[in-house]
Amino acid sequence: EYGYPYLVSGSNLESKLTSAIYKATSLDTQEALIIGPHCDTTVSAAYGEILELNNFDVKTSTGEAISEISSDVDLVIIGSPKADFTAIELDIIDEWLYNGGKRNKGLIFLPSYDSPATPTLDTFLEEWGVVYERELLYETDGSNHMAGDNYTFGFEANEKNGVENDYDEIFNANQFMIAGGNMPLFAAYETEGKRKTHALALSAGGDTLVSTEVKNGGSDWK
């Protein structure tokens, strides 16, 4: 097993990424809503701090359930679910995303390994192209993970066949990023109706990544 120890003193990748995706400027304040009901908002709040640096007005919904989402909201964040959502709540989010046919709304989902089963939410996310597994990713390629930590490894920019867009411009200067405790995330489709998906970053390890219960599995796992 090989690895390269190093110290990351700071990163502005996320800040640049959110700026490019949502085109937040000093003249254009956008609204982000962190979903509070059914969620542990700790991680979402940390992400919200990054959005605030990009001129987002970030708020957190409260209460026991989702009753409405204002049309003024540009971005909804669902993070670390603690319980499943109801069909009515997801209909509210779906209608908000559709936005009377105008669309131009964003949904960010931040999964958690510690979340319970949420089949209703999972079905909704898959309809919008997001599929994930309740496992942790473990990197077997020693040249791609942190020394002594197979759960922390690198991701590379996913070039889009030479098509120029905001993502390519960012990743030209930021070709590689490090993340730990990752869950497998997949695109359910490339195009379905008017919905399209595009992966911004992919595991640099390729086929050496395995999704498995190795957290407590001992040394003989397969």
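For the structure itself, look to the data block above.
In this text, all values refer to a predicted model and were calculated from it rather than measured experimentally.

What counts, and at which threshold
- Residues numbered from 1 in each chain as written.
- Predicted model: local features only at pLDDT ≥ 70, side-chain atom pairs only at ≥ 80, totals over all residues.
- Heavy atoms only, no water.
- Pairing = 2+ DSSP bridges.
- Helix = DSSP H or I, 4+ residues; strand = E, 2+ residues; numbered from the N terminus.
- Axes fitted to C-alpha atoms, helices over the stretch in contact; angles between N-to-C directions.
- Contact = heavy atoms within 4.5 Å.
- Expected span 1.5 Å × (residues − 1).
- Buried < 20%, exposed > 50% of the residue type's maximum accessible area, 1.4 Å probe, protein only.
- Right-handed = clockwise from strand over helix to strand, strands pointing away.
- Phe/Tyr/Trp six-rings, centres within 6.5 Å; stacked < 30°, edge-to-face > 60°.

**Q** A description of the sheet that holds strand β4 (residues 106–110) should follow, citing residues and the corresponding values.
**A** Spatially, β2-β1-β3-β4 is the arrangement adopted by the four strands of the open sheet, whose pairing is parallel. Each edge of the open sheet carries a strand with a single partner, namely β2 (56–60) and β4. With strand direction ignored, the average angle separating the axes of adjacent strands in the sheet is 20°. Pairing of strand β1 (residues 30–34) with strand β3 (residues 75–79) involves three bridges; the strand directions are parallel. Within β3, the position partnered with leucine 33 by the bridge is valine 76. Of the strands in this sheet, β1, β2, β3 and β4 touch helix α2 (residues 42–53), which is tilted by about 150° from β3.

**Q** I'd love a proper account of helix α3 (residues 87–98), names of residues and values included.
**A** The terminal C-alpha atoms of α3, which comprises 12 residues, lie 16 Å apart, in line with the 16 Å expected from a rise of 1.5 Å per residue. If you follow the buried residues of α3, they end up packed against β3, β4 and α4 (119–127).

**Q** Break down the pairing of β3 for me, citing the residues and quoting the values.
**A** Within a regular strand, the side chains alternate between the two sheet faces. For β3, a buried count of five out of five residues is recorded, marking the element as mostly surrounded by other parts of the structure. Of the two faces of β3, the one holding Leu75, Ile77 and Gly79 and the one holding Val76 and Ile78 are both buried throughout. Taken together, the five bridges between β3 and β4 define a ladder with parallel strand orientation. The residue of β4 that forms the bridge with isoleucine 78 is phenylalanine 109. Crossover handedness for the path β3 to α3 to β4: right-handed.

**Q** Could you give an account of the packing of aromatic side chains, naming the residues involved and the relevant values?
**A** Taken as a whole and judged by the stated rule, the model has three aromatic pairs. On the numbers, 5.4 Å between centres and 85° between planes, the contact of tyrosine 138 with tyrosine 151 is edge-to-face. Within this pair, whereas tyrosine 138 is found in strand β6 (residues 136–139), its partner tyrosine 151 is found in strand β8 (residues 149–157), the two being separated by 13 residues in sequence. Among the residues examined, tyrosine 151 registers a relative accessible area of 21% and is labelled partly exposed.

It is worth stressing that arrangement in space is one thing and function is another; only the former is reported here.
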